[in-house]
Amino acid sequence: EGRVEVYHGGQWGTVCDDQWDDADAEVVCRQLGLGGVAKAWSQAYFGEGSGPVLLDEVRCTGNELSIEQCPKSPWREHNCGHKEDAGVSCTPLTGTPVINHHRKKQDKGRVHSSAKNFSNGALRLAGGKGSHEGRLEVYHAGQWGTVCDDGWTELNTQVVCWQLGFK
């Protein structure tokens, strides 16, 4: 979590909070490779920045891969001061686990994880050779289940990887 700063034209600067919402935060979290719940913060919640205000009127849909793809005012065109610096928090879903693939003989077929108290929507990979691959499972209503691949696309794979903290 923190104040959003972008690099453009050889300089770091802030983003104005006009039109800033959770869809914009979702894109920033995705661009940073952070999954979970994205929340937008306004009015310099994380403190005022310094240097130029580089972006204003950012209006992401939430599906973009980076803030550069979002509709926005031209770079450096704004009507803001640093009291309006935008921020985000990217809160991981509780219990997105690191899977322990070293199973005991008597526990064959089970997946162990060190996390407890999973939230609905938590994701994990199971049955792969390492934590970076495997069958996608989602936690819902107190249990883990698999995800059907009907209509599955490369974009779905990218989103899951980002949610799990991979790039």
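Residues numbered from 1 in each chain as written. Predicted model: local features only at pLDDT ≥ 70, side-chain atom pairs only at ≥ 80, totals over all residues. Heavy atoms only, no water.

- The name recorded for the protein chain in an unreviewed UniProt entry is NETR protein, from Molothrus ater.

**Some points on the side chain of D18**
Here comes step 1: Inspection of the secondary structure assignment puts D18 in the loop between β3 (11–15) and α1 (22–31).
Here comes step 2: Apart from residues no more than four positions distant in its own chain, D18 is found in contact with D56, E57, V58, N79, C80 and E84. (Helix = DSSP H or I, 4+ residues; strand = E, 2+ residues; numbered from the N terminus. Contact = heavy atoms within 4.5 Å.)

**Notes on the confidence of the model for the protein chain**
Here comes step 1: Per-residue pLDDT for the protein chain averages 82, and the proportion of residues at 70 or more is 83%.
Here comes step 2: Here residues 95–116 is a poorly scored stretch, pLDDT under 50, and it has 36 contacts once near neighbours within four places are set aside; other chains count. (pLDDT = per-residue confidence, 0-100.)

**Considering the packing of aromatic side chains**
Here comes step 1: On inspection of all chains with the given rule, the structure shows five aromatic pairs.
Here comes step 2: Taken together, a centroid distance of 5.2 Å and an interplanar angle of 55° make the contact between Y7 and W12 tilted.
Here comes step 3: Assessed through its relative accessible area of 51%, W12 is described here as exposed.
Here comes step 4: Here the aromatic cluster, defined as three or more aromatic residues joined through ring pairs, consists of W41, Y45 and F46.
Here comes step 5: Of note, K39 hangs over the ring of W41, and the distance from its end group to the ring centre comes to 4.6 Å. (Phe/Tyr/Trp six-rings, centres within 6.5 Å; stacked < 30°, edge-to-face > 60°. Buried < 20%, exposed > 50% of the residue type's maximum accessible area, 1.4 Å probe, protein only. Lys NZ or Arg CZ within 6 Å of the ring centre and 35° of its normal.)

**Looking at the pairing of strand β11 (residues 143–146)**
Here comes step 1: In the sheet, strand β10 (residues 134–140) pairs with β11 via four bridges, with the strands oriented antiparallel. When the bridges of β11 are listed, H140 appears paired with Q143.
Here comes step 2: Between β10 and β11, which follow one another and run antiparallel, lie two residues, and A141 among them has a positive phi close to 50°. (Pairing = 2+ DSSP bridges.)

**A look at the side chain of E57**
Here comes step 1: With respect to the helices and strands, the residue E57 is situated in the loop between β5 (53–55) and β6 (87–91).
Here comes step 2: Among buried charged residues, E57 stands out as having no salt bridge; its nearest opposite-charge side chain is R59, 4.5 Å away. (Lys, Arg positive; Asp, Glu negative; His and termini not counted. Salt bridge = Lys/Arg side-chain N within 4 Å of Asp/Glu carboxyl O.)

**A closer look at the sheet that holds β6**
Here comes step 1: Here we have three strands laid out as an open sheet, ordered β1-β6-β4, and antiparallel in their pairing. With partners counted over all chains shown, the strands left at the sheet margins are β1 (2–3) and β4 (37–41), one partner each.
Here comes step 2: The pairing of β1 with β6 spans two bridges and is antiparallel. Note that in β6 the partner of G2 across the bridge is V88.
Here comes step 3: With respect to the sheet, α1 is in contact with β4 and β6, its orientation differing from that of β4 by roughly 120°. (Axes fitted to C-alpha atoms, helices over the stretch in contact; angles between N-to-C directions.)

**Looking at α1**
Here comes step 1: Residues of α1 that are buried: D24, A25, V27, V28, C29 and R30.
Here comes step 2: Sitting at the amino-terminal end of α1 is D21, which places a side-chain oxygen 3.1 Å from the backbone nitrogen of A23.
Here comes step 3: Directly after α1, the chain includes G33, whose backbone phi takes a positive value near 80°. (Polar contact = N/O pair within 3.5 Å; in protein donor to acceptor, adjacent residues only side chain to side chain.)

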